[in-house]
Amino acid sequence: MEIVSQKEILKTHVRTWKGMGKTIGFVPTMGALHQGHISLIREAARQCDVVVVSIFVNALQFNNADDLEKYPRTLKSDLKLLQSEKVALVFTPENDVFYARRPQVTLNFGPVGEEFEGKLRPGHFSGVGVVVSRLFHLVQPDKAFFGAKDLQQMAIIQTLVRDLEFDVEIVRCPTHREDSGLAMSSRNALLSKEGRHLAALLFESLKLASEMRTSMGLPASASVARAFLVKHPDISIEYINWVDTTTMQPVEKNDSNQEIAICVAARIEGVRLIDNLIV
Ligand code: AMP
């Protein structure tokens with residue numbers, strides 16, 4: 001496994017692989033790797049000849065300086081974890097080298113980026129779009145693997161690829177969970193044991209909404225899920241809504257040819273967590 005921090009060296013490897021006709025699978029991450037990331041990497045290894053993983057905490061996508069500062073950084077153990085996976089190259093650029101000049105381009109994704117995360121984290125999706133575009137140009141992947149956990153991000157990336165004609169297939173991978181149901185996340189490391197306990201209730205609430213949706217309808221089932229969480233004063237809900245997974249617009253009725261999900265964002269012990277359940 002090559003560990004590369006320079007863009008030029010990465011590009012040389014990419015040219016070599018392309019010359020040999022190998023397909024490239026790409027998994028972009030911000031590090032603090034867990035089994036959710038590993039599940040994406042294994043899927044990439046299953047579908048492609050070589051796997052490239054990037055580890056880069058992208059300052060551009062943080063709308064909150066404190067969140068950026070607190071974001072867990074565990075490069076040494078991340079690299080150790082990746083050693084036992086089928087990873088050809090890990091790209092770990094330094095911020096000042098990757099963004100030698102702060103990008104001036106901003107991206108607006110239209111309605112798909114306006115609700116939920118887009119509304120609550122101004123500039124977040126622009127930062128995601130810029131870093132993913134830059135990484136796609138450098139890595140030139142045949143396929144890129146993203147987690148369904150970040151559902152709106154998934155829709156944003158699909159929009160980016162379609163509107164700007166990136167020649168890459170986006171693969172959505174299922175959310176990997178702890179036994180408790182808690183969606184794995186780098187941010188879980190910032191929670192106490194009690195906080196993790198509470199965080200597992202987010203998934204319970206999503207399951208509740210999902211079970212109730214046919215008998216009660218979508219809005220009432222979301223209200224049941226909200227009422228379930230509200231009983232816990234240490235969970236501060238930002239939203240819990242049914243959405244169309246393609247348009248990321250709220251939905252009140254389930255049209256049969258539309259994929260929907262119940263999405264939640266909440267703060268526990270000052271840590272912002274998101275999760276969803278696609279039905
Ligand atoms: P991050 O490092 O949080 O930016 O995530 C990197 C990639 O891993 C994104 O595509 C995420 O959606 C994905 N990911 C994060 N957590 C999970 C999880 N629990 N299961 C599956 N994929 C995940």
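Right, let's walk through the structure included here. (Residues numbered from 1 in each chain as written. Predicted model: local features only at pLDDT ≥ 70, side-chain atom pairs only at ≥ 80, totals over all residues. Heavy atoms only, no water.)

1. Digging into the sheet that holds strand β7 (residues 235-244)
Thought 1: The 3 strands lie next to each other as β7-β8-β9, forming an open sheet whose pairing is antiparallel. Every interior strand has two partners, whereas the edge strands, β7 and β9 (271-278), have only one. With direction set aside, neighbouring strand axes in the sheet form an average angle of 15°.
Thought 2: On top of the sheet, helix α10 (residues 218-230) reaches β7 and β8 (260-268); it is set at about 165° to β7, its chief contact. (Pairing = 2+ DSSP bridges. Helix = DSSP H or I, 4+ residues; strand = E, 2+ residues; numbered from the N terminus. Axes fitted to C-alpha atoms, helices over the stretch in contact; angles between N-to-C directions. Contact = heavy atoms within 4.5 Å.)

2. Considerations on the pattern of salt bridges
Thought 1: Under the definition given, this model contains 17 salt bridges.
Thought 2: Ionic pairing is found between E8 and K11, a salt bridge with its closest N-O pair at 3.6 Å. Taken together, the residues E8 and K11, both in helix α1 (residues 7-19) and 3 residues apart, mark about one turn of the helix.
Thought 3: Among the salt bridges present, the one from R172 reaches E259, with a minimum N-O distance of 2.9 Å. One end of the pair, R172, is in strand β6 (residues 169-173); the other, E259, is in the loop between β7 and β8, and 87 residues separate them in sequence.
Thought 4: The exposure class of R172 is partly exposed, given its relative accessible area of 36%.
Thought 5: Through salt bridges with shared partners, one network takes in E117, E238, R267 and R272. (Salt bridge = Lys/Arg side-chain N within 4 Å of Asp/Glu carboxyl O. Buried < 20%, exposed > 50% of the residue type's maximum accessible area, 1.4 Å probe, protein only.)

3. Examining the environment of R46
Thought 1: Structurally, R46 is set in helix α2 (residues 35-47).
Thought 2: On the basis of relative accessible area, R46 is assigned to the exposed category, the value being 63%.
Thought 3: As for R46 and K86, which are separated by 40 residues in sequence, their C-alpha atoms are 9.4 Å apart.

4. Considerations on the site of the ligand
Thought 1: The local shell around the ligand holds 17 residues, among which M30, H37, D150, H176 and M184 are the closest.
Thought 2: Residue H37 places a side-chain N or O atom 2.9 Å away from an oxygen atom belonging to the ligand.
Thought 3: For the ligand, a nitrogen atom lies 2.8 Å from a polar atom in the backbone of M184.
Thought 4: Computed on the free molecule, the ligand has an accessible area of 490 Å², of which 92% lies beneath the protein chains in the complex.
Thought 5: Counting only elements with at least two residues in the shell around the ligand, the list comes to β2 (24-29), α2 and β5 (143-147).
Thought 6: Counting residues per element, the shell around the ligand draws most heavily on α2, which supplies 3 residues.
Thought 7: Residue composition of the shell around the ligand, grouped by class: 7 nonpolar, 8 polar and 2 charged. (Near = heavy atom within 4 Å. Polar contact = N/O pair within 3.5 Å; in protein donor to acceptor, adjacent residues only side chain to side chain. Areas by Shrake-Rupley, 256 points an atom, 1.4 Å probe, with all protein chains shown as cover. Nonpolar A, V, L, I, M, F, W, Y, C, P; charged D, E, K, R; others polar.)

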